[in-house]
Amino acid sequence: MPRLLDAGIESLLELGSARCTPQAVGARAGVAPAALFHHFGTLEDFYIAVAEEVACRQLVAMQSLLDAAPPDEEPLETALRLLAELSSNRVSVIFLDLMGAARTDPVLAARLDALMEAYRRDIQEMAAQLPGLAGLPSGLFADLVQLALDLFRGTGLRGGDQRERLPLILALLQGRLAVLLDD
């Protein structure tokens, strides 16, 4: 099964969901296309399993980034930088591709939405490890994490280095946060 998931990730990266067929995945994994259905049931189940695997890999990457973060860096800056790095790694595009496929598939959309909400909560819990961020009101902090993920995913569609925009984003957030927290 791990070979099928790895093959699914590579196929989605290379071909996109529109051309990621059981035949393409099976050929990449060195198994018959029917193996995909044997292990996952449906193509939708397979896509969700691939998205879950990508989410797991992303969470491991986020924890590694957190562990390596400089302790003297401002927490909000660290969180934004880490989310930008996470959103720009090569597998993060799979979320975008599957979200695009889910736009016209309500069943896939519901399952993917639930998975992405759990992923956002996990990222939020990890980011809260940074000193100073856990003290923000939970609703505001959740909104900030979602905003950053959406922003970096969106800019990830265009490619390029999102980190060059971090000083501007940080200044905007710090200014607005000061106003929100004073209210």
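Let us look at the structure shown here. (Residues numbered from 1 in each chain as written. Predicted model: local features only at pLDDT ≥ 70, side-chain atom pairs only at ≥ 80, totals over all residues. Heavy atoms only, no water.)

## Describing helix H1 (residues 2–15)
Now for step 1: Between the first and last C-alpha of H1 there are 19 Å, a value that for 14 residues agrees with the 20 Å anticipated at 1.5 Å per step.
Now for step 2: Among the residues making up H1, those that are buried are Leu-4, Leu-5, Ala-7, Gly-8, Ile-9, Ser-11, Leu-12 and Leu-15.
Now for step 3: On its buried face, H1 sits against helix H2 (22–29), helix H3 (34–40), helix H4 (43–68) and helix H6 (92–102).
Now for step 4: At the exit of H1 stands Gly-16, carrying a positive phi of roughly 80°. (Helix = DSSP H or I, 4+ residues; strand = E, 2+ residues; numbered from the N terminus. Expected span 1.5 Å × (residues − 1). Buried < 20%, exposed > 50% of the residue type's maximum accessible area, 1.4 Å probe, protein only. Contact = heavy atoms within 4.5 Å.)

## Remarks on the packing of aromatic side chains
Now for step 1: Taken as a whole and judged by the stated rule, the model has three aromatic pairs.
Now for step 2: Relative to Phe-46, the ring of Phe-40 lies with its centre 5.1 Å away and its plane at 65°, an arrangement referred to as edge-to-face.
Now for step 3: For Phe-40, a relative accessible area of 11% translates into the label buried.
Now for step 4: The exposure class assigned to Phe-46 is buried, which follows from its relative accessible area of 0%.
Now for step 5: For the ring pair Phe-95 and Tyr-119, a centre distance of 5.0 Å and an interplane angle of 55° mean the geometry is tilted. (Phe/Tyr/Trp six-rings, centres within 6.5 Å; stacked < 30°, edge-to-face > 60°.)

## Some remarks on the nonpolar core
Now for step 1: One finds Leu-80 and Ile-123 to be the most contacted residues of the largest nonpolar core, which totals 57 residues.
Now for step 2: If one sorts the elements of this core by residue count, H4 sits on top with 11 residues.
Now for step 3: Not counting chain neighbours up to four residues away, the residues in contact with Ile-123 comprise Leu-59, Met-62, Leu-83, Leu-86, Val-145 and Leu-149. (Core = buried A, V, L, I, M, F, W, Y, C linked by side-chain atoms within 4.5 Å.)

## Remarks on the pattern of salt bridges
Side-chain pairing between opposite charges can occur once the charged atoms of the two side chains come close.
Now for step 1: Scanning all chains against the criterion turns up 10 salt bridges.
Now for step 2: Glu-53 is the partner of Arg-57 in a salt bridge, and the nearest nitrogen-oxygen pair spans 3.0 Å. You can see Arg-57 and its partner Glu-53 sitting in helix H4, four residues apart, about one turn around the helix.
Now for step 3: On the basis of relative accessibility, which here comes to 33%, the residue Arg-57 falls in the partly exposed class.
Now for step 4: Salt bridges sharing common partners tie together Asp-6, Glu-53 and Arg-57. (Salt bridge = Lys/Arg side-chain N within 4 Å of Asp/Glu carboxyl O.)

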